[in-house]
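These are the residues of each chain, in order.
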Amino acid sequence: MPDDYTRLPESPRHEDLVVEVPAFEDDRPQPEPEPPAAAPELVAATRFAQTSHAAPTIRRTQVRAGLWIAGVPIVVLAVIAVVQVLTTDM
């Protein structure tokens, strides 16, 4: 038992610690270069102009989710109301 701790374990090889990651081409659109920071107002105006024509994906997703959340129960209630009106005797 005392002989187990007389020698330290060997250090790991550098080859064992290297992880190779395959390269991929980044095809995402790159932002336009920053304008010279002559004035903060110019930088803010440039950023606003660059993003004003972009599609509002978050807003579109929120509207779509809101329509599903509110629209589906309303349609179900409308169908139930129509069925009740048609099935009741007058």
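All of these numbers come straight from a predicted model, not from anything done at the bench.

**A word on the overall build of the protein chain**
Link 1 in the chain: Within the protein chain, the regular secondary structure consists of three helices and zero strands.
Link 2 in the chain: Counted from the first residue to the last, the protein chain has its helices and strands arranged as α-α-α.
Link 3 in the chain: Residues classed as buried in the protein chain amount to 1% of the 90 residues present.
Link 4 in the chain: Surface accessibility of the protein chain: about 9300 Å² in total, with carbon and sulfur atoms responsible for 65%.

**Topic: the confidence of the model for the protein chain**
Link 1 in the chain: Residue-level pLDDT values for the protein chain average 78, and 80% of them are 70 or greater.
Link 2 in the chain: Summarising per-element confidence for the protein chain, the mean pLDDT is lowest in helix 2 (residues 40-52) (77) and highest in helix 3 (residues 57-87) (87).

**Remarks on a nonpolar patch on the surface**
Link 1 in the chain: Together, Trp-68, Ile-69, Val-72, Val-76, Leu-77 and Ile-80 give the surface a local cluster of nonpolar side chains, amounting to about 630 Å² of exposed area.
Link 2 in the chain: Mapped onto the secondary structure, Trp-68 falls in helix 3.

Rules used throughout
- Residues numbered from 1 in each chain as written.
- Predicted model: local features only at pLDDT ≥ 70, side-chain atom pairs only at ≥ 80, totals over all residues.
- Heavy atoms only, no water.
- Helix = DSSP H or I, 4+ residues; strand = E, 2+ residues; numbered from the N terminus.
- Buried < 20%, exposed > 50% of the residue type's maximum accessible area, 1.4 Å probe, protein only.
- Areas by Shrake-Rupley, 256 points an atom, 1.4 Å probe, with all protein chains shown as cover.
- pLDDT = per-residue confidence, 0-100.
- Patch = residues over 30% accessible without salt bridge, like charges linked within 9 Å, V, L, I, M, F, W, Y side chains within 5 Å.
- Salt bridge = Lys/Arg side-chain N within 4 Å of Asp/Glu carboxyl O.

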